[in-house]
Amino acid sequence: MTDMTIRRAEAADAARLTGLIRASGAYRGEYFAMIDGYQVTPDYLARHEVRMAVDSTDDRLLGFYALIREPAELDLMFVADEAQGLGVGRQLIADMLDRARAAGITSVKVVSHPPAERFYLRMGAERTGTRPPQPRTPWEQPELRFTV
């Protein structure tokens, strides 16, 4: 595991977060439509709880998540390709659950990228259904829930 810090993302971090999304290998090929042109904006960062994991030695962005509080949903979660398998995702989920608990949230919905479903299940989420295809996501998406 890498030495990391998890902190709230600020407006100045928007471009870094967008860059991480666009560099994600998980969204190449058939899943590219979901991130095509997507941008994390300072306004988005101001409206939602977005927390990022950075390497404590060089401030390199390792991953981030966005928690929407009402209704409670994990809106975005990305781990840099080169940081996958190092425990970054596990730490981000633990942080998200801690933050949700502190806010009095009892469950957090996740509409998952299909290849990420196994990760969320390993982290303790349970499958609750399937979201039908949407314009930006023309495939079915697993719906899950974390009980906080």
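Everything here concerns the structure above.
Residues numbered from 1 in each chain as written. Predicted model: local features only at pLDDT ≥ 70, side-chain atom pairs only at ≥ 80, totals over all residues. Heavy atoms only, no water.

Chemist: Help me understand the pairing of strand β2 (residues 49-55), please; the structure alone is not making it clear to me.
Modeler: Remark: a regular strand shows side chains that alternate across the two faces of the sheet. Most of β2 sits inside the fold, with seven of its seven residues counted as buried. With burial as the criterion, each face of β2 is covered, one bearing E49, R51, A53 and D55 and the other bearing V50, M52 and V54. Of the pairings in the sheet, the one linking strand β1 (residues 4-8) to β2 comprises five bridges and is antiparallel in character. Looking across to β2, one finds that R7 is bridged to M52. Where β2 and strand β3 (residues 61-69) come together, six bridges link them in antiparallel fashion. For M52, the partnering residue across the bridge sits in β3 and is F64. In this antiparallel pair of consecutive strands, β2 and β3, the connection spans five residues, and D59 shows a positive phi of 65°. (Buried < 20%, exposed > 50% of the residue type's maximum accessible area, 1.4 Å probe, protein only. Helix = DSSP H or I, 4+ residues; strand = E, 2+ residues; numbered from the N terminus. Pairing = 2+ DSSP bridges.)

Chemist: I would appreciate a short explanation of the pairing of strand β7 (residues 141-147) in the present structure.
Modeler: Across the seven residues that make up β7, a large majority, five, are buried. Sheet analysis places strand β5 (residues 107-111) next to β7, joined by five bridges and oriented antiparallel. Paired with V111 across the strands is E143, a residue of β7. Summarising the sheet, strand β6 (residues 126-131) and β7 pair through five bridges and their orientation is antiparallel. Counted as the bridge partner of G129 is E143 from β7.

Chemist: What am I meant to see in helix α3 (residues 88-102) here?
Modeler: At 3.6 residues per turn, the α-helix brings residues three or four places apart onto the same side. With 15 residues, α3 extends 21 Å between its outermost C-alpha atoms, agreeing within 8% with the 21 Å of an ideal straight helix rising 1.5 Å per residue. The set of residues buried in α3 consists of V88, G89, L92, I93, D95, M96, L97 and A100. Taken from the residues just after α3, G104 is the one with a positive phi, measuring 80°. (Expected span 1.5 Å × (residues − 1).)

Chemist: How should the layout of surface pockets be read in this particular structure?
Modeler: One water molecule sets the probe size; rolling that probe over the atoms shows where empty space is left. Space inside the largest pocket adds up to approximately 970 Å³. Of all the secondary structure elements, the ones that give two or more residues to the lining of the largest pocket are β4 (72-79), α3, β5 and α4 (117-122). Per-element tally for the lining of the largest pocket: the top contributor is β4, with seven residues. When the residues that make up the lining of the largest pocket are grouped by side-chain class, the tally is 22 nonpolar, 10 polar and seven charged. (1 Å grid on protein atoms, 1.4 Å probe; cavity = no way out; pocket = protein on both sides within 12 Å on 5 of 7 lines; lining within 4 Å. Points joined across faces, edges and corners; volume = space filled by probe spheres on them. Nonpolar A, V, L, I, M, F, W, Y, C, P; charged D, E, K, R; others polar.)

Chemist: Which parts of the structure should I look at to understand the sheet that holds β1?
Modeler: Pairing is mixed across the open sheet formed by seven strands, whose spatial order is β1-β2-β3-β4-β5-β7-β6. The sheet terminates laterally at β1 and β6, the two strands that pair on one side only. This sheet shows a mean twist of 25° between the axes of neighbouring strands, independent of strand direction. Along the sheet, helix α1 (residues 14-23) makes contact with β1, β2, β3 and β4, crossing β3 at roughly 105°. (Axes fitted to C-alpha atoms, helices over the stretch in contact; angles between N-to-C directions. Contact = heavy atoms within 4.5 Å.)

By themselves these figures say nothing about function.
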